[in-house]
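Structural overview for review
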Amino acid sequence: MRNVQLFVTCLVDTFFPEVGLSMVAVLRRLGAAVDFPRDQTCCGQPPFNAGLRADARKIAEHTIRTFEGAAGEVVIPSGSCAHMIRHNYAELFAGDAIWLPRAQSLAARTYEFTEYLVDVLHVSDVGAHWDGALTYHPTCHLHRGLGIDRQPRLLLDNVHGAEVRALPEAQDCCGFGGIFSVEHPELSAEMLMRKIGNLESTGSPTLVVCDAGCLMHLQGGLRRQKLPQQVVHIAQVLDHRYGAR
Amino acid sequence: MTLPLLRSRIRASISNASLQAALDGNALRRVSGRDAAFESLPDWRERRKRAHAVRADVIEHLDEYVDQFIANAARNDVIVHRAQDAATAVSIILQIAQSSAPPGRQALIAKSKSMVSEEIELNNALERRGIKVVETDLGEYIVQLRGEKPAHLITPAVHLRRFEVGQLFHDKLGLPYTEDIPTLTAAARRLLRDVFLTADVGISGVNFGVAETGTVVTVTNEGNGRMCTTLPPAHIALMGMERLVPSLQDLALMLSLLPRSATGQKLTVYTQLINSPRRPGEVDGARERHLVLVDNGRSRLRSSPLKEALYCIRCGACLNVCPVFREIGGHAYVGSDGSIAPYPGPIGSIVSPGLLGLQQFGHLAQASSLCGACKDACPVDIDLPRLLTRVRAGGSEGTSSERGVGLSHLSRFGLHLYGIIGSSPRLFTISQFFGGLATRILSTSSDWFRIPALTGWGYSKDFPRVASKSFRQRFQPSEPLPEAQPAPPAISPPPAAVQENALPLVEKFTREAEALGVVVRRVAAAHLSETLINDLKQAGAAEAMAWDPIEGLDRSRLTAAGIALTGEPDPLLKVGITGAAAGIAETGTLLITSGPGRPLTASLLPDVHIAVLPASLILGSLEEALSRPDIPAASASVLITGPSRTADIEMALTIGVHGPKQVVIYIVE
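Residues numbered from 1 in each chain as written. Chains lettered and ligands numbered in written order. Predicted model: local features only at pLDDT ≥ 70, side-chain atom pairs only at ≥ 80, totals over all residues.

Before going further, it helps to examine the domain arrangement of chain A. All names here are of chain A. The domains assigned to chain A are domain 1 (3-119) and domain 2 (124-238). Taken over C-alpha atoms, the centre of domain 1 sits 21 Å from the centre of domain 2. Elements represented by at least two residues in the side of domain 1 that touches domain 2 include exactly helix 1 (10-14), helix 2 (17-29), helix 3 (45-50), helix 5 (79-92) and helix 7 (113-120). Tallied by class, residues from the side of domain 1 that touches domain 2 come to 15 nonpolar, 10 polar and 5 charged. (Domains from an automatic or database assignment. Helix = DSSP H or I, 4+ residues; strand = E, 2+ residues; numbered from the N terminus. Nonpolar A, V, L, I, M, F, W, Y, C, P; charged D, E, K, R; others polar.)

This is how it looks when you write it as structure tokens:
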């Protein structure tokens, strides 16, 4: 039996616990033992991306310590946070003889959720069912940063009953970018409108992403404009069974 | 509270409908053009890795490569100057201009595109001394007439639409108002032709310097670059010291990537390889060539965490794919004093602060969502998002831990606080509790609620309530029920690589050249003179500038048929007839090397350029062509890929800017 250490991320923990619960349900259904190290907080990405590396280090060191005590693969429902650990920890701890190896050993056993399902568990059909149309938005750090694109698409293609509609200009950023959405609200808003416009053009009521940050950004934009579309995390789609709603 | 200058520029750009239309057009056309161009280079990923390695090697050993390059250029009789900073570079150029001026007046300078000249603010300095500088790239000419800076690395007038250019030409040049792009282009051709013919000095930028040969390489489409380096008596090549490649073979690699990334072309129309001033027996080419190598912060950048930014080959692809550039254009990238950054876009937000200081330009690096589209598009695989986070962390001035360059005070405070909360599970849990409380007070009924615009987030988005029970409160650590695992998925094989049609070289050459608008005529050797005479007579051409000799062509038969041939540059002649040193099948390119009897102007000044190309000289690739021994030996060579063209106004392709409007190639079999 696989031992999964869940790193649920600060946003899912705080704002979207149902995403985490869906992820746990899917993993357990596939036979994995799922554990949740209780001391976890955040990967440190917000201060890192802002250029505040000392603050980022404090959080990253805490994350490394927390998961060092937990055996098994670390699985994250966020491309962005997985990218932080896999690629940016090496930057953050560069030249540090103590922390760099510890960061690298965490990075080596860290996986994004869909990557874990497809590449590690070798699953392409989780037995999910969804009535109606879905549209997939490849989030930037997932598909560009980690090169993960085939996996979520494969999983969605195998969702029974779902009609997956292509999103125009799918690879364009939604305008979140962490602190960017606060520091440059005008730019963020333009990029958001463009993304929402492309979503509307598909006629799909549901947009699927693999990142809670982008989910929060897109859903916040849809709510502000009083639009009916829903943004969901892929775990929620994969957890959806026949007859449920 | 007043908005920082950058944000007010951003707002102005976003609300400028005409600018938005222009930028959308640029993004759409450039991105699709680039994608199409890379389809013809199936191994581009591997090339991109190699190109990265070449640039990394150059920057790592820059001192040695610069020394080698300078020694070889000097051996070629180029006068080499080194400038530590902008002021030195300006004064060197000023001196050359003054010593090149005819008695009794200041020098007239014809200038082709150079981003380094923007960086050192050369034009202003020259004009303050009463020296007239005329920008001759169509886009640069337009922005100079408007008193602006270029808005893009390779498309200076990207921010303008045709009606604005029409109005400008009407106001400043007294031309009848028109929105017809070919008419506007023809007007610029006519006006600038005089400048080329009378200028005392030509200034050009440099795309690459080749260390092993001392060659200066420029890549242009319109022909103005060739004019500026061929017609005026003195030529100054202005070059950032990092723009080197070790060898001509490395150059071939770079040339396979640069035009594709920049303009979606397999090769730009004119790729010049300049070795030396005019040599005895030659009738054109600058008599004096200067090379000004500029440091201006590059050495400091090289020993900083931003070193990789020096790998940049200035193709502008990262601007074209950038969602932020697409919203604001180049003029919104302003420094803290309001001046426009010389280098815009993602790479500019690293290079501008890297060269000219964090204080002035560091905050530009915050204007990115770190989406990574720039890194994907970069032909030399620069990790731009990483470098942007390094600028934010203090960049070239040391990644001091407390930097957060360009952050607002509120964000900085919030993130410091988050650093404390995020490293303590207890504080984190307590914050979740109070956050939940606060957001449920702010929004009693709905999961999403409105927050003020001044928070940044609230400008366009609602905010979610903190969950009433966090994940950590809801997680149940129970053991799973074992369930049958679904079978592993069938992995579909990767799509088969597209097989490049292995056409014979002549066919391939013909197809590529014709795609560019070149007229290709395939004739048997015995019929060449007769066919050419007939064609010339039909076109009504009774005189032409011609090489002497031209391989495969009996010139005496042309003269006997009443066609006057001259070897001297004459701007009044409409036809130029040349041979070629080689043809390149993969791009439909002619290689022309200068020498006695082979004037460069024959393929540049006339409206029609006729080239005689023996089929046996057609090579497969650029690499093969650049390994020919006559390239380092000639005073200058040029690769010609189609007729002169521009897309500087609204990205509309217009043929015949400064160079020939028509290219006719006779392939002799």
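The subject of this paragraph is the interface of chain B and chain A. Facing 64 residues of chain B, the contacting portion of chain A comprises 70 residues. Listing elements by their share of the side of chain B that touches chain A, those giving two or more residues are helix 1 (5-14), helix 15 (323-328), helix 19 (384-392), helix 20 (409-422), helix 21 (425-442), strand 12 (463-464) and helix 22 (471-474) of chain B. Among the elements that take part in the side of chain B that touches chain A, helix 20 of chain B stands out by supplying 6 residues, more than any other. Of the residues assigned to the side of chain B that touches chain A, the class counts are 29 nonpolar, 20 polar and 15 charged. (Contact = placed C-beta atoms within 7 Å.)

Residue and element names in this part refer to chain B. For helix 24 (residues 528-538), the full list of buried residues reads Leu-528, Ser-529, Leu-532 and Leu-536. Each buried residue of helix 24 lies within a common arc of 90° when the element is viewed along its axis, so the set occupies one face. Across from the buried face of helix 24, at angles greater than 90 degrees, the exposed residues are Asn-534 and Gln-538. Buried residues belonging to helix 24 abut strand 13 (519-523), helix 25 (555-560), strand 16 (575-578), strand 19 (608-614) and strand 24 (662-668). (Buried ≥ 20, exposed ≤ 12 C-beta atoms within 10 Å, placed from the backbone. Arc of directions from axis to C-beta.)

Here strand 1 (residues 3-6) of chain A pairs with strand 3 (residues 73-76) of chain A via 3 bridges, running parallel. Directly across from Leu-6 of chain A, in strand 3 of chain A, lies its bridge partner Val-75 of chain A. (Pairing = 2+ DSSP bridges.)

Time to look at unusual backbone geometry. Trans peptide bonds make up the majority, and among non-glycine residues the majority have a negative phi. Residues and elements named next belong to chain B. Between Asp-548 and Pro-549 the backbone carries a cis peptide bond, its omega angle lying at 0°. In this structure, Arg-314 is a non-glycine residue whose phi angle is positive, near 55°. Looking at the secondary structure, you find Arg-314 in the loop between helix 13 (298-302) and helix 14 (317-321). With 19 C-beta atoms packed within 10 Å, Arg-314 lands in the partly exposed category. You will see that Glu-650, though not glycine, has its phi angle at about 50°, which is positive. A residue is classified by how many C-beta atoms lie within 10 Å of it, and Glu-650, with 21 of them, is buried.

Now for the sheet that holds strand 3 of chain A. All names here are of chain A. Here 4 strands make up an open sheet; going across it, the order is 2-1-3-4 and the pairing parallel. Where the open sheet ends on each side, the last strands, each with one partner, are strand 2 (33-35) and strand 4 (110-112). Going from strand to strand, the sheet's axes swing by 35° on average, the running direction of each strand aside. Along the sheet, helix 5 contacts strand 3 and strand 4; its crossing angle with strand 4, the most-contacted strand, is approximately 155°. (Axes fitted to C-alpha atoms, helices over the stretch in contact; angles between N-to-C directions.)

What follows is about the packing of helix 3 (residues 44-60) of chain B against helix 12 (residues 248-263) of chain B. All names here are of chain B. The contact between helix 3 and helix 12 brings their axes to 10 Å, and the two run at 125°. Considering the angle they form, helix 3 stands oblique to helix 12. Crossing hand, helix 3 versus helix 12: left-handed. Every residue of helix 12 that contacts helix 3 at Arg-47, Arg-48, Arg-50, Ala-51 and Val-54 is listed here: Asp-250, Leu-253, Met-254, Ser-256 and Leu-257. A per-class count over the contact of helix 3 with helix 12 returns 5 nonpolar, 1 polar and 4 charged. (Parallel < 35°, antiparallel > 145°, perpendicular 65-115°, else oblique. Left-handed = near helix turned anticlockwise from the far one by under 90°.)

Another aspect to go through is the pairing of strand 18 (residues 589-593) of chain B. All names here are of chain B. In terms of burial, strand 18 is a largely internal element, 5 of the 5 residues being buried. Burial along strand 18 is two-sided: Thr-589, Leu-591 and Thr-593 and Leu-590 and Ile-592, pointing in opposite directions, are all buried. Where strand 17 (residues 582-584) meets strand 18, 3 bridges bridge the pair, whose relative direction is antiparallel. Looking across to strand 18, one finds that Gly-583 is bridged to Leu-590. Between the antiparallel neighbours strand 17 and strand 18 lie 4 residues, among them Gly-588 with a positive phi of about 65°. Across 4 bridges, strand 18 lies against strand 21 (residues 636-640) in antiparallel orientation. From the neighbouring strand, Leu-590 faces strand 21, where its bridge partner is Ile-640.

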